[in-house]
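# Observations on the three-dimensional arrangement
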Amino acid sequence: MQRYTEGQYTNWQKISLPKNFSLERTLTCGQTFRITEKGGTFIYVRGQSVIALRTEKDGLLFSVYGENISKEKLKEILGINDDIERINRELIKRVPQFAKVIDDTLGIRIMRQEPFETAISFIFSVQSAIPLIRRRLDALAKIAGKEIETPFGTFNLFPASSALKSLSKEEIKSLKLGFREKWFEEFTEKYDEKKMNVIAKLPFEEKEKALLKIKGVGIKVAHCIMLFSMNELSAFPVDVWIKRGMEKLFGIKGTTQKITKEGRNLFGPFAGYAQEYIYFYMRR
DNA sequence: TGACAGGAAAATA
DNA sequence: TATTTTCCTGTC
């Protein structure tokens, strides 16, 4: 086990705080799951790192345990490099009445995560609420991920694909995935990082088609994977909250497929941001 | 304790 | 091709 103790390794680094950035909203709006908060400090377990984050008056402080993450990489992960003013202007230009939704949800950024962890997270998410998804991911990490001790507690990192390929039936059963179990098994058996990286670089339509071939990945999960881990800001994942929001705000209703298409047409290249705003707006 | 929440896949029309 | 049914765990 890798151990870190307070003082010795707690090495806070600082990023100047961007305008219109909310650490809390970004981390807790359902795009990522392994987050805990203690006294204003957020602990975000991601890939092979544990990242502690807190905002102060003039900056964002962070310290990393496990695999190192540079300042630049962290800014990318948190969507800080996105030109949010321009994105919001573009959304309002297309849909003027959306300004009030943006006002209420300001500060959310689209995070940039890894396809492997994101795909498993959203296969786990099918017909499930956020706390349940999180418990499943923690259970999986506990079984197959490396343990790491930090000043903030002990965590298990996300398992490597090789570790998931060698899980026993009993271990898989213990995750209580229900009908998602066979999808998870097939995904880990077939997973090939190189192939996933190729998919990540395909044009939007081909990318969507390739993801939909994965068992357990339908249109909503495919759009989550594209938006949160493949840099497709026009992806528009439609779940029950987005269905409710699209009907309430715009009178648009119908199948997931129809709302996905209409949402993308309505909001354009940054539809993914609009989607996160609607999600947060409807759940708050 | 039965109703309800939550997407994908398979079955059916 | 479009709609309906089934799948499972957990909460209230």
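Note that the structure is predicted; figures quoted are calculated from it, not measured. (Residues numbered from 1 in each chain as written. Chains lettered and ligands numbered in written order. Predicted model: local features only at pLDDT ≥ 70, side-chain atom pairs only at ≥ 80, totals over all residues. Heavy atoms only, no water.)

### A word on the sheet that holds strand β2 (residues 13–16)
For the record, the criterion: DSSP-based pairing: two strands are paired if at least 2 bridges between them are found. Labels follow the DSSP assignment, with helices taken as runs of H or I lasting at least four residues and strands as runs of E lasting at least two, numbered in each case from the N terminus. A fitted line through C-alpha atoms serves as each axis, taken over the contacting stretch for helices, and the angle formed by two N-to-C directions is quoted from 0 to 180°.
With antiparallel pairing, five strands are arranged side by side in an open sheet as β2-β6-β5-β4-β3. A strand with exactly one partner marks an edge of an open sheet, and here the two such strands are β2 and β3 (35–38). The average angle at which neighbouring strand axes cross in this sheet is 25°, direction not considered. For strand β4 (residues 41–46) and strand β5 (residues 49–55), the ladder comprises five bridges, and the chain directions are antiparallel. Of the residues in β5, the one forming a bridge with I43 is A52.

### Quick word on the domain arrangement of chain A
Rules: Note that the domain bounds reflect an automated or database-derived domain assignment. Note on contacts: a residue pair qualifies if any of its non-hydrogen atoms lie within 4.5 Å across the two residues. Buried area: the accessible surface (1.4 Å probe) lost by two parts on joining, summed over both. Any Lys or Arg side-chain nitrogen found within 4 Å of a carboxyl oxygen on Asp or Glu counts as a salt bridge. In this classification, Asp, Glu, Lys and Arg are treated as charged, Ala, Val, Leu, Ile, Met, Phe, Trp, Tyr, Cys and Pro as nonpolar, and every other residue, Gly included, as polar.
As assigned here, chain A comprises domain 1 (2–78) and domain 2 (115–229). Look at where the C-alpha atoms of domain 1 and domain 2 centre, and you get two points 22 Å apart. Every contact between the two is made by 26 residues of domain 1 and, on the other side, 21 residues of domain 2. With both sides pooled, the region where domain 1 packs onto domain 2 buries about 2,100 Å², and carbon together with sulfur makes up 61% of that total. It is F33, R34 and Q48 in domain 1 that bury the most area against domain 2; as a group they hold 37% of the surface buried on that side. Counting across the domain 1 and domain 2 interface gives one salt bridge. We note a salt bridge from R34 to D138, for which the minimum N-O separation is 2.8 Å. Contributing elements (two or more residues each) for the side of domain 1 that touches domain 2: β1 (2–3), β3, β4, β5 and β6 (59–66). By residue number, the principal contributor to the side of domain 1 that touches domain 2 is β4, which donates four residues. Of the residues in the side of domain 1 that touches domain 2, the class split is nine nonpolar, 12 polar and five charged.

### Structural notes on the environment of I77
Relative to the assigned elements, I77 resides in helix α2 (residues 71–77). With 37 residues separating them along the chain, I77 and E114 place their C-alpha atoms 9.5 Å apart.

### Digging into the protein's contact with DNA strand B
So the rule is basically this: What makes a residue near a molecule or strand is one non-hydrogen atom of that residue sitting within 4 Å of it. Here a polar contact means two N or O atoms within 3.5 Å. Within protein one must be a hydrogen donor candidate and the other an acceptor candidate, and residues neighboring in sequence count only if both atoms are side-chain atoms.
Around DNA strand B, a shell composed of 18 residues is seen, among which Q127, F179, G216, V221 and R244 lie nearest. Backbone atoms, meaning sugar and phosphate, form 57% of the atoms of DNA strand B found within 4 Å of the protein. G218 is positioned with one of its backbone polar atoms (N or O) 3.2 Å from a phosphate oxygen of DNA strand B. Contributing elements (two or more residues each) for the surface near DNA strand B: α12 (219–229) and α13 (240–250).

### Structural notes on the pairing of β5
Where we set the bar: The cut-offs for exposure are 20% and 50% of the maximum accessible area for each residue type, with area from a 1.4 Å probe on protein chains only; residues under the lower value are buried, those over the upper are exposed, and the others partly exposed.
A large share of β5 lies buried, amounting to five of its seven residues. Linking β4 to β5, which pair antiparallel, is a turn of two residues; within it G47 sits at a positive phi near 55°. For β5 and β6, the ladder comprises seven bridges, and the chain directions are antiparallel. Note on β6: the bridge partner recorded for A52 is S63. The hairpin formed by β5 and β6 contains three residues between the paired strands.

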